[in-house]
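Spelled out from the first residue to the last, the chains are:
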Amino acid sequence: MRSLDWVDGAVEMIDQTRLPQETAILRLTSTADLVAAIKRLSVRGAPALGVAGAYGVVLALAEHDPAAEPDRFAAAVASLRTARPTAVNLGRMVDRVAAVAGAGREAALAEADRIRDEELNASLAMGELGADLVGQLVGHREIRAMTICNTGGLASVERGTALAVIQALHERGELSEAIPLETRPLLQGGRLTTWELARMGAPHRLVVDSAGPFLLARGAADVVLIGADRVVANGDTANKIGSFALALAAADAGVPFIVVAPESTVDTETKTGDDIEIEDRGRAEVVAVRSMAIAPEGTAAINPAFDVTPVRLVTALVTEQRVVRFDLGQTLSEGG
Ligand code: MRU
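A. Focus on the side chain of Glu 111. Following the sequence through the fold, Glu 111 ends up in helix 5 (residues 105-138). On the basis of relative accessible area, Glu 111 is assigned to the buried category, the value being 11%. A polar contact of 2.7 Å, which involves the side chain of Glu 111, links it to the side chain of Arg 114. Other than its neighbours up to four places away in sequence, Glu 111 contacts Arg 96, Val 97 and Val 100.

Shown next, in the form of structure tokens:
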């Protein structure tokens, strides 16, 4: 089941804000509606954002002819590419489709379909390469895999990134259990990853975010598998807030910490993690859980949606094309 696609002239997607209670399909026919869906996280996860942005440019082409209304078309494209700042896929795929917009809407749609298909194929390849690597690093076939946020088909188009590896391990009969962190404040792990693990029939136990590092210290997991919103030239990796704490604990416990992300998330134009823009989503998500206040009225909050894990804490990066063993001194420019 695809989490989003182009269907009869519109973008259709599972509304991730309504899971797990309801599997509702959103049909979006305007750029403004798609931008709003991206901002409220109806669609989220780096590869899925890239695919959504790509189809968004096709919607923009129906609203404004770039030859007749270049400024309006450019403004619609800019609203898409800036809807969320940290995942490199969004701006990159918007730019890719905008670059062929002059050739017409059919050419733009063909490019967006290509981007969708590339992500589908990447997920399949990452799952297998990642499962092979986990087998090599862990050395047994009853793997307990900890993960954070949602990196499954919902965050991509099908199967996903880190969760694609967990799915491949499960299909090989090598998964003892998955341990997803709930992922405050928006609970992508609690709401979405558990939903996907249940659908694939994979054994799993949900834990609160603050239990992750302690469980690693107590030997509860053999590997940590995470996705990425941006992997930069030196290997530093931006991913959901909480990933850095897991990486520190994994290093302390000697547990492999593996980043699984398609090449479309690798951004070698950005040099180090210090140069990555981290989205701050504001106080509302922190002071309330699903509209119920959990802090006194007027409480201020800091809400970074992502953190950066320095490459020295990352064992390896798995893409659809390669495995880069940072722990063995490989680098993105030469490795894999
Ligand atoms: O804020 P979100 O839910 O878009 O954050 C998503 C993540 O951090 C994922 O781990 C990342 O995009 C990789 S998804 C395959």
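B. Structural detail: the sheet that holds strand 1 (residues 4-7). The strand order across the open sheet formed by three strands is 1-2-3, and the pairing between neighbours is antiparallel. Of all the strands in the sheet, just strand 1 and strand 3 (25-28) have a single pairing partner and so form its edges. For this sheet, the mean angle separating the axes of adjacent strands, direction not counted, is 25°. Note that strand 2 (residues 10-14) and strand 3 share four bridges and pair antiparallel. Each residue of the ladder has a partner; that of Ile 14, found in strand 3, is Ile 25. Helix 2 (residues 46-63) contacts strand 1, strand 2 and strand 3 of the sheet and is inclined by roughly 20° relative to strand 1.

C. How the structure looks around unusual backbone geometry. Following Leu 19, the chain continues to Pro 20 via a peptide bond in cis, the omega torsion being 5°. With respect to the helices and strands, the residue Pro 20 is situated in the loop between strand 2 and strand 3. Following Arg 184, the chain continues into Pro 185 via a peptide bond in cis, with omega recorded as 5°. Position of Pro 185 relative to the elements: it lies in the loop between strand 5 (175-180) and helix 7 (188-200). One non-glycine residue with positive phi stands out, namely Thr 183, at about 75°. Here Thr 183 shows up in the loop between strand 5 and helix 7. A residue is classified by how much of its surface remains accessible, and Thr 183, at 0% relative accessible area, is buried. Located in the positive-phi region is Leu 187, a residue other than glycine, with phi close to 60°. Examined against the element boundaries, Leu 187 turns out to sit in the loop between strand 5 and helix 7. A relative accessible area of 17% means that Leu 187 is categorised as buried.

Conventions used here
- Residues numbered from 1 in each chain as written.
- Predicted model: local features only at pLDDT ≥ 70, side-chain atom pairs only at ≥ 80, totals over all residues.
- Heavy atoms only, no water.
- Helix = DSSP H or I, 4+ residues; strand = E, 2+ residues; numbered from the N terminus.
- Buried < 20%, exposed > 50% of the residue type's maximum accessible area, 1.4 Å probe, protein only.
- Polar contact = N/O pair within 3.5 Å; in protein donor to acceptor, adjacent residues only side chain to side chain.
- Contact = heavy atoms within 4.5 Å.
- Pairing = 2+ DSSP bridges.
- Axes fitted to C-alpha atoms, helices over the stretch in contact; angles between N-to-C directions.

Take it as geometry only, folks, not as evidence of what the structure does.
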